[in-house]
Amino acid sequence: MNNQKEEPKVVNKNDTSGCDEISLEELKNICEEYRNNAEEYQKKSEEYLKNLKSLKAEFENYRKRERQFRDSFIKSSNRDLILKILPVMDDMDNAILESKKNEVHQSYVEGAELIYRKLLNILEKEGVRQITTLGEKFDPKYHEAMMTISSPDYEDYAIVDELRKGYMLNEEVLRAAQVSVNRWDKNEKER
């Protein structure tokens, strides 16, 4: 007589393979195997999810960079053309001023002013605007000093005259304004 207890047998009623009995130990082994497989699949799914999140973030960054590049390209795509048009705008402005001085027929002056304003409006729609100069303090970011004068009628570093208009394209200086600046001589200030 053996005092060892015999392991109970589990009967699988759905199994038609002829093996109706599975020992509890075998059942534990199968459960352990499924648990290990489940943990392995869980780790893989977490790794796949992590990779997917990383790829999603990279793709979003790529889309943002592309959008910024595209916006930047669109904003500055006409830059070269605008730079070529600016001297024509200067010539038209000078022609209008000279026409008014020399008393040219009023209808010609009005026609030239109309064309000038239309060109200016087109440039403004593209993001171009003139840099203000007269009455402003000299700022080397926006102004280019071509000459200086010394006059007590103006403040030190005040812009006295605009020699050539300056233009901005969006927030970038396209062409600095050429100006005449008032500079007080230190000796004159003391007098």
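Details of the structure are given in the entry above.
Nothing here was measured: the structure is a model prediction, and the numbers come from that model. Within any chain, residue numbers begin from 1 and follow the written order of that chain's sequence. Since the coordinates come from a predicted model, pLDDT governs what is reported: local features require at least 70, and pairs of side-chain atoms require 80 or more to be given and counted, while whole-chain, interface and lining totals use all residues. The basis for every side-chain value is the complete set of non-hydrogen atoms in the structure, without hydrogens or water.

So what's going on with the packing of helix α2 (residues 79-101) against helix α3 (residues 106-125)? Residues and values would help.
A packed helix pair is summarised by two numbers, namely the angle formed by the two axes and the spacing between the axes. In contact at an axis separation of 10 Å, α2 and α3 are set at 155 degrees when each is read in the N-to-C sense. In terms of orientation, α2 lies roughly antiparallel with respect to α3. When the axes of α2 and α3 are compared, the crossing they make is left-handed. Seen from α2, the contacting residues are Ile82, Ile85, Leu86, Met89, Met92, Asp93, Ile96, Ser99 and Lys100; seen from α3, they are Val109, Ala112, Glu113, Ile115, Tyr116, Leu119, Leu120 and Leu123. Here the contact of α2 with α3 is composed, by residue class, of 13 nonpolar, 1 polar and 3 charged. To obtain an axis, a line is fitted to C-alpha atoms, over the contacting stretch when the element is a helix, and the angle between two such axes runs from 0 to 180 degrees between their N-to-C directions. Counting from the N terminus, the helices are DSSP H or I runs at least four residues long and the strands are E runs at least two residues long. By the definition adopted for this analysis, an angle is roughly parallel if under 35 degrees, roughly antiparallel if over 145, roughly perpendicular if from 65 to 115, and oblique otherwise. Helix crossings are classified by the rotation of the near helix relative to the far one: an anticlockwise turn of less than a right angle makes the crossing left-handed, while a clockwise turn makes it right-handed. By definition in these notes, contact holds between two residues if any of their heavy atoms fall within 4.5 Å. Residues are grouped as follows: Ala, Val, Leu, Ile, Met, Phe, Trp, Tyr, Cys and Pro are nonpolar; Asp, Glu, Lys and Arg are charged; all remaining types, including Gly, are polar.

Tell me about unusual backbone geometry, and please be specific about residues and values.
Positive phi values are uncommon outside glycine, yet Tyr157 reaches one of about 70 degrees. Exposure remark for Tyr157: the relative accessible area of 37% places this residue in the partly exposed category. Note on classification: 1.4 Å probe, protein chains only; a residue is buried when its accessible area is under 20% of the maximum for its type, exposed when over 50%, partly exposed between these limits.

So what's going on with the sheet that holds strand β6 (residues 167-169)? Residues and values would help.
Two strands make a pair as long as DSSP finds a minimum of two bridges between them. Taken together, 3 strands build an open sheet; the order of strands is β3-β6-β7 and the sheet is antiparallel. Edge positions in the open sheet fall to β3 (128-130) and β7 (172-175), since each of these has one partner strand only. Mean inter-strand twist for the sheet, computed between neighbouring axes without regard to direction, equals 35 degrees. Judged from the 3 bridges that link them, β6 and β7 form a sheet pairing that is antiparallel. Paired with Tyr167 across the strands is Arg175, a residue of β7. Against the sheet, α3 touches β3 and β6, its axis set at about 125 degrees to β3.

Requested: an account of the packing of aromatic side chains, with residues and values cited.
A pair of aromatic rings is counted whenever rings of Phe, Tyr or Trp (Trp by its six-membered ring) have centres within 6.5 Å, and the orientation is called stacked for planes under 30 degrees apart, edge-to-face for over 60 and tilted otherwise. Evaluated as defined, the whole model comprises 2 aromatic pairs. With 6.3 Å between their ring centres and 25 degrees between their planes, Phe69 and Phe73 make a pair best called stacked. Separated by 4 residues within a single helix, Phe69 and Phe73 lie in helix α1 (residues 24-76), roughly one turn from each other. Residue Phe69 shares its accessibility class with Phe73, and that shared class is exposed.

I'd like to hear about the nonpolar core, residue by residue, with values.
We define a nonpolar core as any set of buried Ala, Val, Leu, Ile, Met, Phe, Trp, Tyr and Cys residues linked to one another through side-chain atoms lying within 4.5 Å. In this structure, Ile82, Tyr116 and Tyr167 are the most contacted members of the largest nonpolar core, which totals 13 residues. Among the secondary structure elements, those contributing two or more residues to this core are α2, α3 and β6. Broken down by element, the residue count for this core peaks at 5 residues, all from α2. Each residue touching Tyr116, except ones within four places of it in the same chain, is listed here: Met89, Met92, Asp93, Ile96, Gln130, Lys165 and Tyr167.

If you had to explain the sheet that holds strand β5 (residues 159-164) to someone new, which residues and values would you point to?
Adjacent strands of a sheet pair through backbone hydrogen bonds, lying either parallel or antiparallel. Pairing in this open sheet of 3 strands is mixed, and the strands run β4-β8-β5 from one edge to the other. Two strands bound the open sheet, and with one partner strand each, they are β4 (143-149) and β5. Strand-to-strand, the axes of this sheet are offset by a mean angle of 30 degrees, without reference to chain direction. As defined by bridge partners, β5 adjoins strand β8 (residues 177-182) across 4 bridges and the pair is classed as antiparallel. When the sheet's bridge partners are listed, Asp161 is paired in β8 with Ser180.

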